[in-house]
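Tertiary structure, described
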Amino acid sequence: MADGREARIDRRWLWLAWLLPVLAVAWTVTRAPAWLEPRLLTVSLEPGHSVTLGREALWAPQADSEHVQLSRQPDGGWRLSNLSTSRQVLWRPARSQDDRSSREWPLAPGAHFTVGTQAFTVLAADMDHLTLQTGQQRWDYDGLRLRREGQPLPECYPGWRVRLREWLGRMGLRSWSWRPLRLGGGVYCADRLGLSGVPVDRAMITPISTGFALRPGWAGRPDGAPVTLEPDTPQAESLWQRSIPLASGDRLIIGRTQYRVVSTAPDLELAVLARVQRWPAGSEPPRVSPAVAVQWGSTAWLWPAGPSGWDRLLGLVAVLGLCGWLWAGGRDRPWRLGRWQVAAALALAGVCLGAYLGLATVPLLWPYGLVWVVLGVWLATVHSPWSAWLLAVVALLLGSGLTALLQLGVGVAESGWLRFGSNGAALAGGFGWLSWGGWQVRQWRQANAGPLDSRWARWSLRLLFGAALLALALQALFGDESGWAGMQPFELTKLTLVVAAAYALMLRARLWGRDRSFGKPSLWLRYLGPLAALAALSGFALVFLRDFSPLVLLLLWSLTLALVYLRPHPHPLWRRLGQGVIVALLWALAAGVAWLHDRPEDFPLNFQADRIRVWVAPEQYPHAGYQLRRALEAIRAGGWRGTVWSEGSNGRVMTVPALENDFMPTFFLNRYGGVAGLGLVGLQTALVAMLLIIAGRARDRTGCGDYRRTAWNWFGYFGVSGGAALLGAHFLVSWGTNLGFLPVMGQPMPLLSAAGSHLALFVLPIVALAVVIEEGHYDDTT
Amino acid sequence: MEPISKLNQRPAPRRIRRSWLLLLCVALSVALLYRQLATLYARPTPTAAPMRARLPVDGPNEAVIIPVGPGFQRIALRHGLLLASGPDQRLIGQQSLSLCEQQRDPAAATLLPLYVGWDWAQLREAAMANLTAQPPRPAHYGLKNPLLDDGPDGIDIPAFQMTAATDETALRPYGDAEALRLTLRDRRPALWLADTGETTAGPTLAFRDDAWLLWNGGGQAVGDRSDYAVRVQRLPDRDCRFGRLQISVYGPPEPGAVGADGGLRRVLWYAGGAMMREFRLAPGHYAAPVTPPPRREDAVLFERALAAGLLRLGEDGRIAIAPADLPLMRIQARDHPEGLAPHETGLDWLNGPWDEAIRQTHRALHFSAAGRYVRQQVEAFNARQLWAAVRWKAADADQSGEWRADWAGAPLALTANMPLLAGKLFPELPQGWQPWRRVARWPLLEERTPVHFHLTLTQPAQRGQRLEVLVAGGAPTVSGATVVASQPRCLDATPCSARAAVAYWLRLEWRAGATALDLRFMPLPASAFPDGYRYEFSYLRLEDGQLAWRDPPAGGAGDPARPAPAEVMVRDRAGAMLLEHGQPTVAAWALGLAALVGLDPAQSGDVASVLARLSLHGASIVDARLSVDPRLQAAARRALLARLPQVAAAFGERDPWREVRIASLVVMDADQGDILAVVNSPEPPPGAVWSDLYSFAAGQPRRSPLRIWAWQHDGGTWQAAGSTFKLVDALLLEREARHRPELAAALAGLSADEMAQWPLAQSYDFGADAACYPAHASGCAAWARQPGQRYDRPESAVVHNFRGAAGAETPLERMSRARDERYGLAQALRDSLNTWFAWLVETTDATLLDDPTAAGLATVRALTPNALRGVRPLLDLAAELGFGASENLDGGLLPAGLIESGDVLQTTASNLDPITSRAQVRLAALGFRMQATPLQLAEIAAAIASGRRVTPRLLLEVNGRSAPAANGTALGIATERIKDGMARVALDGTAQAAFAGARFDAIRPLLRVKTGTADLDEAGTVHNAWLTGWLEPGALPSESRRLAFACLISHAAGTGGEECGAVVAAWLASLAESGPDG
């Protein structure tokens, strides 16, 4: 349905939209305060002496003021012990892959230790079995369950997670079922060994790759009940004062700052790897400790600061480039240039992924540059004006987000904040280059083989479904509300839900008017598939996350999808009545929120009642309402004009918790002001509306052409609409959280927050789906 | 069923312009966000004080209108009344009076009427009526402690009297809710208000603790508004069980006064039965208060947890928290009793109540942000219930080590923070001591066992090396070193017994090769360090044995809008830097000015910290120049500090006054007021740790090296000016002599015969041949010549002359020794003749009714500033010379309000104690019963020298702006005789010995001084030694200024002439010898 007006669109406006964020980033860089960053710390100490270092001397902003003690042994070696009461020191020896606490003590047969007044003797300790003796009692632990005198103790809190762990253990996935043995408290049960006079979690025994280790528990504190290693021997020491030897190549994390031991003689040299405290370049940095000399460098905008890790990055680039070369290279491939293009795209995706994974410390602006180049490439690639405009809006939104994240990083003295913008840009760039490479290959393959068949579609769906469920299971087992292994599997699940629902509705729409009977159970089962996924997701959110914000998103999505489904319904009664009901429901939802604000005490869900009360009266909740109060203060402080024009550094807004993620709109409003916020919300509405328009254009094409294209267009209609609905719900919830018209819900704002999983596993795939649908459609009609 | 093709080929969609729809959506969303943001921006920030439309919760429960404008307004309520006073209502005068002083009969505890609001003429009339009554009565009969006003020409308070219910009613102790009666004795309209909620225009009113009298100037009727008010309050008193009265007079604001508190009005609510409450409210309509606002989540959680038994107060004062696994323990106890670990018998958590609500409270306590905060507060509370700390000092500066501590094996976190009280544990300012190591947190152990401190040396000790250790805690057991000496230390008790000890000082000796020291001692309970912590800033408090959660005062974190302090540089008069980068320079230390300019950025009140406040007025850098002349300062410091060892040595090896002795020498330009030198002792030693200095100064204020004793005093009884105050007497007599010819003649000088025959002397029993006054007082002649007898007992009305080795001398003996033909003011100053000054000053005091034989009306007190003007002229003159008011030393360079009380740029007011008897008039004339500073006396000397009174100044220049030239105010009193007398002091008077050498030949003719020696003990063996005066220009090379000075050495054995005379002589000699270039 591309009319001539759309076809004649002037692309110069698109390029202007593409260029604006580049200018914004350049402006941010030129206005950024100049910082000096510690690159190398050199600690000089005479043998036999020790020095206490902390936040200032180590330039570690999240460390305690007296965090570690470095001692020089008489033989010239170095030992480090953690002095902090509440923060860890993580240590990764040179040839190890695991970060371990400096207070971790591996247990070996014959070892003794005391917790409080209780003495323990290790009788046996191997890979999957530990035997301890206390007084006359013998305890066995296999990483999952504690036995007293051979008798298994009952579960502390029986439940499905325990059964899942046991099942995993039986399936041979022993390391997946591990859990620590908690020492202290008043109870003996499967993972707790109660001790008189010792509070629970004072210490714990954790399974490690080589056996078991004793370490401070979650409630462990140096001045609590004593935990003594090898008591009554000359080697006796407190677990909290345990020291570790340092060797070249070791990695340390003190507070949140990462170091690598470069050398230990004649002095100890620590290369600073990440999250360091910076110093304004205008003045001479102070020398905090006479024992520590610092080598300073400036921010690496475009050129690498050092050669660290480049071999691994180049390796990844080469492998991906080669894969692209092979993937795009068929013997019957008619053009050669495309092969290079695909290889180059994958290689550049490799650079982005390498930067994201931290294989090498790439210059700060590289990810930003790579994502902008690929956005430009995509803009030049697409034909349809609607997809071009969609990409332009995405460019503006992504540009706003990345500029704000860059400002977030350059406006504070701690270097760690820079990673949010870089990681987001790297992920977006990686996705862009990979998808562009895939697009090139698809263009060629489609030209030869035609549209994909339904079998491929079903298997793709199953694969996606399986991956999402697996990721959720991993999060349930090993992660927490904030995700697992640095990613948020729930985002992939949302994408899966959108796709599965679109697939089911596509099936349903194709059969409108033909399946009034219930005689096709398999078909109905397919319809019910997404519902089952929805139920699973909701249950997961409720049971595991104990968070109702995903349910709010899913509710809004379900209602919108129902509206989308009913809109083209052939039966007028269904169409009109159904749409009326949905609109009424949406109104009721809004009215319910208003009612809840007035009468929070009537909220039916007990476990979220606190959150509602905090939302209504944050001033009464100095702790639970801290985040919202701070956010509203920061937004007010920004005003309509924002603070970025007059102040290079970010200031007090940085005290808002989860600023880079859930409260990034607060940062945006504080720094760029309410007027910029209005522009942002306009662009976000435009994005959702354009997705809906593209979906509508796909629907317009149903019934034209063969059944596969019809099915594809229905799928596009439902998929893109669902994606748009979920995106819209995200925008709504995020603005509501930040401005206080909805309770605080931990949801990022798409294309603004530093939420890599959300961006790469949900937002960009939805945009890509819309582009593919629209481009296919446009190809069909031009 | 429709055919498929038709179904899938629906009619072509309506040609909606999608672009327009898109734009509409965008516009809608933008509009919604705009509305939301506009609402948010318009909402006032929560920190701003809202104009409350409702009365406070603890206020009256009905609607009221708080009126606008100045004055006092009575607002009648259904129950009780409100009294609103306008902003900036001025406190005109205030007097405090112990009810014990007002008793008619101490045995029966009956009360004499207290008269308030008469003027002197009325009082005198009443006294005369007493004298002429039949039968005759003493003048003061029934007129004890009358509180006078100015009379019709000034603040004229409606006269009233306060009595008990009847004349025979015995007073009851304070707090017994006894009613006192106020009776108006004035025909002018006035209104009474009492804390009983009563209000009346009638003459009589009963009140318990608080009453007001309202009236209007000009005799206008009192409606609900009045210009003036007197408040009568009965308050508790430490020394009188009946309490004391505080009577305050308020009047309209000063013209042009600016509302300092944003126009808020002070509103007092007298509800009748309940106690008075005070609010600050803006004018306007107020509705009755609503139900109290919900409490904060942490307070609610704490109270719920306490009620549920999840927090329990232990016998040792610490709070136990229910274990985190208590729910599981309860489940186990029910389902698997064998799965319970053995637990202590002390606290049985399993037997308390348990239900769903308690379970939720437990969960919140252990697993919510508010719960974490509550537990942190409990930990902080617990940490304060026990005390244990050590501090050490190695004899060898190279020796270093590290302390660790544990308690029953549990390692303890240590901190260097100690409460200020710890400053009392050191007899001297600690120097060279390592920081305190105090146990910061105590684990919740059941048993009380000794705490173990372990010191590890970095290098092995050598045999015989020593160290000192101060242990805050019980008596320690030492291992690893030999105890050479041990001494208990107390916070207050002197001498300190082991029973009262809260710390132990140890001197230890290392054994050869020792590397460690172990100390074991019992921690002390919190009560051992009373007020050791500032609980007003903590949430958890113990009130009447009950735990309570109280919100601490807001704003502790400071005002975020307050700009950072300005960067300050301070220079001396010559431009040399005294302070930069927040630290005093070497020059400042050398001149003894470090404490004055600022020792540390944490110090408050020093010159730097005051100047740093200029950031509030937009300055980011302040470059200031002081008036201190480094040449004069250096010489003065050398002279004073060199004398002090001799002062101490006079008391033998164990100087008992070492810990309370202060000394100061201040020099000012008599004509311009510039403070040219200011020397203080004690001085902060270079290298002292700021926290030690601060703690020491707070714990032992008399020994504070941070106080500028030259113009700051501690209000104690050791600031008497002694005979230097006779300069004020002399000025008073000169002024009185203008209208009293007989006095003028006495000042000019009387011959021996004239003096013996002089009617004034005869009527006052002043004897030229008597060493005491009155000459014929009982036993005077006999005891006055006995050394060792004191003469200034307050109960004694007798004074006598200074006792030399041969005892006190009579005026005739002085005349004979000095070969004086006539004896007048100049001679009396030369000899500092006490009897002469006491007598003549006494004659000036009209409250004594010119009757030396009777008590007169000496108990009279001024309730308003001018009430005794002309009646007791000594007070008038002292006030004119600067007594009773503090002065800012900024030379007018700083904005108004920048200098705060306690800053070094503000002097402490020199004060005269209230005079309530004839004896006290005489003692005041001799410089007793007062607190005077050296700068105040130097100002008096300067005023005599120049004939003008100038305000002293320390700041000469701030950021290039110079202080304006001082004009001063003319003294208007003849000073030639005073100058003559002061010249004689150095030539052949009380300071003769100090300036006798040939090296003073050039100086002596131009030197004018007055000595002072004020006894500080009963036996008269220890004195305040004073010397004040000035040096005329030309005596010193290239010194064209007239240098006024004052010296004080407290707790000296010698006289002012001996001690301070030596200091000033050494200073002048040094200047004379060194020449203009120092």
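1. Structural notes on the overall build of chain A
- Within chain A, the regular secondary structure consists of 20 helices and 26 strands.
- When the 782 residues of chain A are sorted by exposure, 55% land in the buried category.
- Considering only contacts within chain A whose residues lie at least 6 apart along the sequence, 64% involve residues at least 24 apart.

2. Here we look at the interface of chain A and chain B
- Chain A puts 66 residues into the contact, and the matching count from chain B is 60 residues.
- Between chain A and chain B the total buried area reaches about 5,400 Å² when both faces are included, carbon and sulfur atoms providing 60% of it.
- Across the contact surface, chain A and chain B share zero salt bridges.
- With 16 residues, helix 18 (residues 664–700) of chain A is the largest single contributor of residues to the side of chain A that touches chain B.
- Class assignment of the residues belonging to the side of chain A that touches chain B gives a composition of 32 nonpolar, 24 polar and 10 charged.

3. Some words on the side chain of B:Asp1017
All names here are of chain B.
- Residue placement: Asp 1017 occurs in the loop between strand 55 (1007–1015) and strand 56 (1023–1031).
- At 2.6 Å, the side chain of Asp 1017 and the side chain of Thr 1021 are in polar contact.
- Side-chain polar atoms of Asp 1017 contact the backbone nitrogen of Val 1022, separated by 3.5 Å.

4. Topic: the pairing of strand 23 (residues 257–263) of chain A
Residue and element names in this part refer to chain A.
- Alignment of strand 22 (residues 251–254) against strand 23, held across four bridges, turns out to be antiparallel. Directly across from Leu 252, in strand 23, lies its bridge partner Tyr 259.
- Connecting strand 23 to the antiparallel partner strand 24 (residues 268–274) that follows it, the hairpin turn spans four residues.

5. Focus on the pattern of salt bridges
All names here are of chain A.
- Per the stated rule, a full pass over the model turns up 67 salt bridges over all chains.
- We note a salt bridge from Arg 278 to Glu 37, for which the minimum N-O separation is 3.6 Å. Remark: Glu 37 occurs in strand 1 (residues 35–43) and Arg 278 occurs in the loop between strand 24 and strand 25 (279–280); sequence separation between them is 241 residues. As far as burial versus exposure is concerned, Arg 278 and Glu 37 are alike and both buried.
- In this structure, the salt-bridge partner of Glu 56 is Arg 55, at a minimum N-O distance of 3.7 Å.
- Judged by relative accessible area, Arg 55 falls into the partly exposed class, the value being 31%.

6. Quick word on helix 2 (residues 11–31) of chain A
Residue and element names in this part refer to chain A.
- Under the 1.5 Å per step criterion, the end-to-end length of helix 2 is 31 Å for 21 residues, consistent within 8% with the ideal 30 Å.
- Inspection of helix 2 places Leu 14, Ala 17, Trp 18, Pro 21, Val 25, Thr 28 and Val 29 among the buried residues, and these make up the whole buried set.
- Those residues of helix 2 hidden inside the fold are in contact with helix 8 (366–381) and helix 9 (385–410).

7. Digging into the domain arrangement of chain A
Residues and elements named next belong to chain A.
- With domains assigned, chain A is organised as domain 1 (4–15 + 363–781), domain 2 (36–93 + 249–281) and domain 3 (103–241).
- With nine residues of domain 1 at the interface, the matching set in domain 2 holds eight residues.
- When domain 1 packs against domain 2, the two sides together hide about 640 Å² of surface, and 37% of this comes from carbon and sulfur.
- It is Ala 413, Glu 414 and Ser 415 that lose the most area in domain 1 upon contact with domain 2, and together they represent 69% of the buried surface on that side.
- Viewed at the interface, domain 2 and domain 1 are joined by one salt bridge.
- Where Arg 275 meets Glu 414, a salt bridge forms, and the shortest distance between an N and an O atom there is 3.9 Å.
- The tally of links from domain 1 across to domain 2 stands at six residue pairs in polar contact (both at pLDDT 80 or more).
- Each residue belonging to the side of domain 1 that touches domain 2 can be placed in one class, and the counts come to four nonpolar, three polar and two charged.

8. Focus: the side chain of B:Gln103
All names here are of chain B.
- Within the secondary structure, Gln 103 sits in strand 5 (residues 103–105).
- Under the relative-accessibility criterion, Gln 103 is labelled buried at 9%.
- A distance of 3.2 Å separates the side chain of Gln 103 from the backbone oxygen of Cys 100, its partner in a polar contact.
- The residues touching Gln 103, leaving out its near neighbours within four places in the chain, are Ala 109, Thr 110, Leu 111, Leu 112, Lys 144 and Phe 242.

Cut-off values and rules
- Residues numbered from 1 in each chain as written.
- Chains lettered and ligands numbered in written order.
- Predicted model: local features only at pLDDT ≥ 70, side-chain atom pairs only at ≥ 80, totals over all residues.
- Heavy atoms only, no water.
- Helix = DSSP H or I, 4+ residues; strand = E, 2+ residues; numbered from the N terminus.
- Buried < 20%, exposed > 50% of the residue type's maximum accessible area, 1.4 Å probe, protein only.
- Contact = heavy atoms within 4.5 Å.
- Buried area = accessible area lost by both parts, 1.4 Å probe.
- Salt bridge = Lys/Arg side-chain N within 4 Å of Asp/Glu carboxyl O.
- Nonpolar A, V, L, I, M, F, W, Y, C, P; charged D, E, K, R; others polar.
- Polar contact = N/O pair within 3.5 Å; in protein donor to acceptor, adjacent residues only side chain to side chain.
- Pairing = 2+ DSSP bridges.
- Expected span 1.5 Å × (residues − 1).
- Domains from an automatic or database assignment.

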